[in-house]
Amino acid sequence: MDRFIIKGGRKLKGAIEISGSKNAALPVLMCTLLTDEPCIINRVPDLRDVRITIKILEELGKKVSYDKGTVTVAHKHKLATAVSHDLVKQMRASFWVAGPLLARFKKAAIPLPGGCAIGVRPVDIHLKGFEKLGAKCATERGNVVIKAKKLSAAKIILSFPSVGATLNLMMCAALIKGTTVLENAAREPEVDDVIKALQSMGASIGMDEHGHIIIEGAGKLSGMNHTVIADRIETGTYLLAAAATRGDVLLKECNPQHNEILLEYLREAGFNIETGESGISISAGAKKIKPVNIKTAPYPGFATDLQAPWMTLMCLCAGAADVSEDIFENRFMHAPELVRMGADIIIDKTAAKITGVKNFTPAAVMASDLRGGAALVIAALCARGASEVERVYHIDRGYERMEEKLVGLGANIRRFNPVSAE
Ligand code: UD1
């Protein structure tokens, strides 16, 4: 298993380009199941989760090629309606095949999803929505089996603005004739990007002034040529890495509007932030880091995916800061590892109390999920001396060429595989 060896203590300096968004690319790739026509998707990051999604599309019957960030998806043979457990267990987003397959073939069988171990993460909101559209859902031998005689457009009120459920239901309703309305839907920029992709396939879909998603289903959708938005979580992670190392960094090809609350909090913490149309610069200066309390919330609130990297920054604040995780119930697995690096964090259920320390101390630590892994990398970049971050495969799920980008900013980081080095 790969690990990162990081010799920390250097301020990050320079400029890097942000990649296409993982969380937009994955559902846009799933949208290709809604048509037999060819689809071209640009700015797709080269990530483990993308490669799993491509394998899922191939297993279902698509012909897929990936070249320099462009994925081309073509019809090969009639699509299957079941996915193997081997693929689904690796990535929770696999469950997004359900909406398109149900819409096209009135049935889908999907093993209960895996992915990051950051909580229970059920799929009840997805299933209740499918039932509203006329499907029957059952669990049989670890598989969710969804079937319908007839699907009909409906009004669906989500009990929570789940990103995954919003996307699954949008994709399904795009092929069901009539008007489907999703109330209390997720408003994340990735949802907007999928709306744009579906529009380019000929779907009539949009968000009204109340945030309801209105879908006028079409019987058939065409292919698409779509370019994925910038990754706001990657953007946020590098901003926080620059901040924690007291660096001076320019992030290019990103969208500052998608990170507004993070930028506001970084300014509050004392960092200088400048934004342009597609760039963000951050510089730390010599001031102390002010404590800022955060609470994760659905967009436009503070992203749960940035909670762990934010915690790393607050470990270095002058004073004490609170972090409240209100989206996932088990998303503090990075905290004990940060404590092993000298941080002072007390966890009480979904609340963390952080008292700032002068710096992290180098250590060997283990990533146990994607964003928690990024938080540990940031801590190691700050600690003076050599740290090791194990289980880099978690980080590879969501950060394209992380070590290369960090080296571009002056970091001393390398990938090491103890087995292949023997
Ligand atoms: C997506 C993102 C993930 C991000 C999360 C919240 C992808 C691939 N993943 O995950 O990075 O952290 O949004 O912004 O885009 N829930 C239920 N029942 C359901 C669905 C969700 O109870 O049927 C709960 C979950 O357990 C969780 C919360 O709702 O506590 C948020 O989940 P959701 O918004 O669905 O996140 P994902 O789509 O899984």
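Above: the structure in question.
Basis of the calculations
Residues numbered from 1 in each chain as written. Predicted model: local features only at pLDDT ≥ 70, side-chain atom pairs only at ≥ 80, totals over all residues. Heavy atoms only, no water. Patch = residues over 30% accessible without salt bridge, like charges linked within 9 Å, V, L, I, M, F, W, Y side chains within 5 Å. Areas by Shrake-Rupley, 256 points an atom, 1.4 Å probe, with all protein chains shown as cover. Salt bridge = Lys/Arg side-chain N within 4 Å of Asp/Glu carboxyl O. Lys, Arg positive; Asp, Glu negative; His and termini not counted. Charge placed at Lys NZ, Arg CZ, Asp CG, Glu CD. Helix = DSSP H or I, 4+ residues; strand = E, 2+ residues; numbered from the N terminus. Pairing = 2+ DSSP bridges. Axes fitted to C-alpha atoms, helices over the stretch in contact; angles between N-to-C directions. Contact = heavy atoms within 4.5 Å. Disulfide = S-S within 2.5 Å. Buried < 20%, exposed > 50% of the residue type's maximum accessible area, 1.4 Å probe, protein only.

Draft legend 1. Expanded view of a positive patch on the surface. Residues Lys11, Lys13, Lys358 and Arg384 make up a contiguous surface patch of positive charge. Inspection of the secondary structure assignment puts Lys13 in strand S2 (residues 13–17).

Draft legend 2. Structural view of the sheet that holds strand S21 (residues 364–366). If you trace the 4 strands from one edge of the open sheet to the other, you get S21-S22-S1-S23, paired in mixed fashion. Two strands close off the open sheet at either side, each with one partner strand: S21 and strand S23 (412–416). When the angles between neighbouring strand axes are averaged without regard to direction, this sheet yields 20°. Both strand S1 (residues 3–8) and strand S22 (residues 385–390) contribute to a ladder of 6 bridges, which runs antiparallel. From the neighbouring strand, Ile6 faces S22, where its bridge partner is Ser387. The strands touched by helix H12 (residues 370–382) within the sheet are S1, S21, S22 and S23, with S1 carrying the most contacts at an inclination of about 30°.

Draft legend 3. Seen up close, the state of the cysteines. Under the criterion given, the structure shown has 0 disulfides. Distance from the sulfur of Cys382, which forms no disulfide, to the nearest cysteine sulfur (Cys315) is 9.6 Å. The buried category is assigned to Cys382, whose relative accessible area is 7%.

Draft legend 4. Fine view of unusual backbone geometry. Each neighbour pair has its own omega, and for Tyr299 with Pro300 the value is 10°, a cis peptide bond. Along the polypeptide, Pro300 turns up in the loop between strand S17 (294–295) and helix H10 (307–314). Notably, Lys68 is not glycine yet its phi reads approximately 45°, a positive angle. Turning to its location among the elements, Lys68 is positioned in the loop between strand S4 (62–67) and strand S5 (70–75). The exposure class assigned to Lys68 is exposed, which follows from its relative accessible area of 79%.

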